[in-house]
Amino acid sequence: MSNQLSALILFFVSFTSISAWASDARPRPDLRFDRDVDASLKQQILNDLEFMGSLKGSKATPLHRKIFGKVDGQSYLRWFDDRVSTVGKNLCGSDTAVACVLSAWPNKIWMSPNYTKFSQPQIARLSVIYHEARHTEADERFWPHATCPRPFLNDEGKDVRSIWTGALLQGEPACDVTAFGSYGSQTILLKNIALNCDNCTEKVRADADLFANDQLIRIIDPSSKAAMKKDFGMQ
Amino acid sequence: MTKKNWIILAISVLVLAILIPNIVRWAHHGLGSGVTLSHPETETPADPSPAEHRDARPSPSATPTPKGLSSEDQRKLSILNEIFASKNDNDPRMDSDLVNLSPELKKAMTESYRHLVAEKRNERGTIVFLIGRELKDGADVDFLKSVLMEKPCLSLSDCSKPVAMPSEEELHLAGMNETTANYPQLMAIRQMEKAYRKWAEAGVSNPLSGQVIQAFREALHSPNPRVSDEARRALESLGIN
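Residues numbered from 1 in each chain as written. Chains lettered and ligands numbered in written order. Predicted model: local features only at pLDDT ≥ 70, side-chain atom pairs only at ≥ 80, totals over all residues.

**Regarding the overall build of chain A**
Formally: Numbering of helices and strands runs from the N terminus, with a helix taken as a DSSP run of H or I at least four residues long and a strand as a DSSP run of E at least two residues long. Whether two residues are in contact depends on their C-beta atoms, placed from the backbone: they are in contact if these lie within 7 Å.
Scanning chain A from terminus to terminus reveals nine helices and four strands. Going residue by residue from the N terminus, the α and β elements of chain A occur as α-β-α-α-α-β-β-β-α-α-α-α-α. Across chain A, contacts joining residues at least 24 apart in sequence account for 58% of those joining residues at least 6 apart.

In structure tokens form, the structure reads like this:
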């Protein structure tokens, strides 16, 4: 009888310790997901963060070092973990949103089903997560966006507008003054991956450059924009 | 049972307890290269939208394997399909295996492009990227030009339906979505621009140069303002009037 009891104890001790080990070994063990986050959405986020954690680069621009440190996967994950502990599911008030933050829930980002439904380049959807993670910083009043100027013109002197709807962006809270807000930090992240990621595929680097250039237009303060262009070697 | 039997039973349970969680984990996360064994899009969504129902068309991301391809080309096409299924753009095989594409493979890839539903922006853009990386004959440029002349994709959930009036949240990251909607076209322009610049820098007179410029000039009249703007920028950047 005592032998049987010992065997049972051995079984339960082994099972629970191995289960705990398996749980800790999964990617991002500290990142919690609300119960309503679909398995496919959760898996995609974990896969994408795993990709982010694998990046390596021997160089980084000065602005990148100030915000993220080195071009290095572990630095990127630490930066993310310092800001986001929970992922929830939310439509984010729009049919086209991919992710958002709600200031009542600090350290949490909300992901829309569009994150898996839309077919986006991987680095683009990841940069959206990092954009939203920047918005979780309560110390910085969540890095609120600035109102785009009237008129809001691009480098070619044309009105910046939504190509889909034709809506002008002037007067909308869809710009940043500083290089350190969500648009700025997202652009700096993308540009550095384009310029300095040593183990990225050519496609990832090309995508990062393409999307970075598009985000740069949202920086409306001339000195901030000039500082960013200089940081990227564009001037 | 004897003591010996109990020990054997305990060891068996221990081995199973080690194996089962790992098998489950491998099935979920792939085998270390970021390649998932299960296709996320084949999972049943908790709350499928009408657009997702509409997407239940024949194999939206699978590239058919045409007959007559060499075994090497078939292998490359299989790799492309695996990368699409994994949604891992950083799969190193993108640069190690999906290079030196034969004309037959390129033709198969352009057929795949047509087979993909319009909403598969990343998959379509990936094919454009790969063919555009190796512009070698007129058919390659013709393919990219045809991409530039496509109808604009009006929304990522349904390219044929425009987005309604934008909310503040939509404006917030609209640039990312709009760039994604135009991703195949923007990639086509970038790859042609890059190739042209490379030929010019090498001082090589490439017969495709004129075809590339012609593609840009035609794109100036695209109904998609993003494409015409980008074609204009490319021409200016290359110093072409």
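**Comments concerning the confidence of the model for chain B**
Residues and elements named next belong to chain B. Here is the rule: What pLDDT conveys is the predictor's confidence in a given residue, as a value from 0 to 100.
Averaged over every residue, the pLDDT of chain B is 80; residues scoring 70 or more account for 73%. Low pLDDT, under 50, characterises residues 19–61; the stretch is placed with 54 contacts to residues that sit more than four places away or in other chains. Interface predicted TM-score (ipTM) for the complex: 0.86; the corresponding pTM is 0.81.

**Quick notes on the confidence of the model for chain A**
Summing up the model confidence of chain A, the mean pLDDT is 88 and the portion of residues at 70 or higher is 87%. Note that residues 15–26 of chain A has pLDDT below 50 and, in this model, 10 contacts with residues that lie over four places away or in other chains.

**Details of the domain arrangement of chain B**
Using the following cut-off: An automatic or database domain assignment supplies the residue ranges for each domain.
On domain assignment, one finds that chain B holds domain 1 (62–115) and domain 2 (136–162 + 175–241). The straight-line distance from the C-alpha centre of domain 1 of chain B to that of domain 2 of chain B is 22 Å.

**A word on the packing of helix α6 (residues 122–134) of chain A against helix α7 (residues 182–196) of chain A**
Relative placement of two packed helices is described by the angle separating their axes and the distance separating the axes. Residue and element names in this part refer to chain A. What counts is decided by this rule: Axis lines are fitted through C-alpha atoms, for helices just across the contact stretch, and the angle between N-to-C directions can take any value from 0 to 180 degrees. Working rule for handedness: look at the near helix, and if it is turned counterclockwise from the far one by less than a right angle, call the crossing left-handed; if clockwise, right-handed.
Across the interface, α6 lies against α7 with an axial gap of 9 Å and an inter-helix angle of 145°. Judged by the twist between their axes, the crossing of α6 over α7 is right-handed. Two secondary-structure elements touch here, α6 through I123, S127, Y130, H131 and R134 and α7 through S182, S185, Q186, L189, L190 and I193.

**With respect to helix α5 (residues 103–115) of chain B**
Residue and element names in this part refer to chain B. Let me state the cut-off plainly: For a helix, the expected span equals 1.5 Å multiplied by the residue count minus one. Counting other C-beta atoms within 10 Å of a residue's own tells you its class, since 20 or more makes it buried, 12 or fewer makes it exposed, and anything in between is partly exposed; those C-beta atoms are placed from the backbone.
The terminal C-alpha atoms of α5 lie 18 Å apart, and with 13 residues this matches the ideal 18 Å at 1.5 Å per residue to within 8%. L105, K106, A108, M109, T110, S112 and Y113 are the residues of α5 that are buried. Next to the buried residues of α5 lie α3 (71–86), α6 (121–133) and α7 (138–148).

**A few points about the sheet that holds strand β3 (residues 99–100) of chain A**
Residues and elements named next belong to chain A. To keep it simple, the criterion reads: When DSSP locates at least two bridges between a pair of strands, those strands are taken to pair.
Spatially, β1-β2-β4-β3 is the arrangement adopted by the four strands of the open sheet, whose pairing is mixed. What marks the edges here is a single partner per strand, and that holds for β1 (32–33) and β3. Sheet topology places β1 next to strand β2 (residues 86–89); two bridges connect them, and they run parallel. The residue of β2 that forms the bridge with R32 is T86.

**Describing the nonpolar core**
As a rule of thumb, soluble globular proteins bury nonpolar side chains together. Definition in use: Defined on buried residues, the nonpolar core groups Ala, Val, Leu, Ile, Met, Phe, Trp, Tyr and Cys residues joined through C-beta atoms within 7 Å.
Within the largest apolar cluster, 96 residues are counted, with the highest numbers of intra-cluster contacts made by A:A99, A:I109, A:I193 and B:L144. For this core, the leading source of residues is helix α10 (residues 183–201) of chain B, giving eight residues. Shared between two domains, this core takes at least three residues from each, and those domains are domain 1 (62–115) and domain 2 (136–162 + 175–241) of chain B. With residues up to four places along the chain from it excluded, the contact list for A:I193 reads A:L55, A:I123, A:C200, A:V204, A:R205 and A:A208. Listed in part, the six residues of the second largest apolar core include A:C148, A:V160, A:L169 and A:C175.

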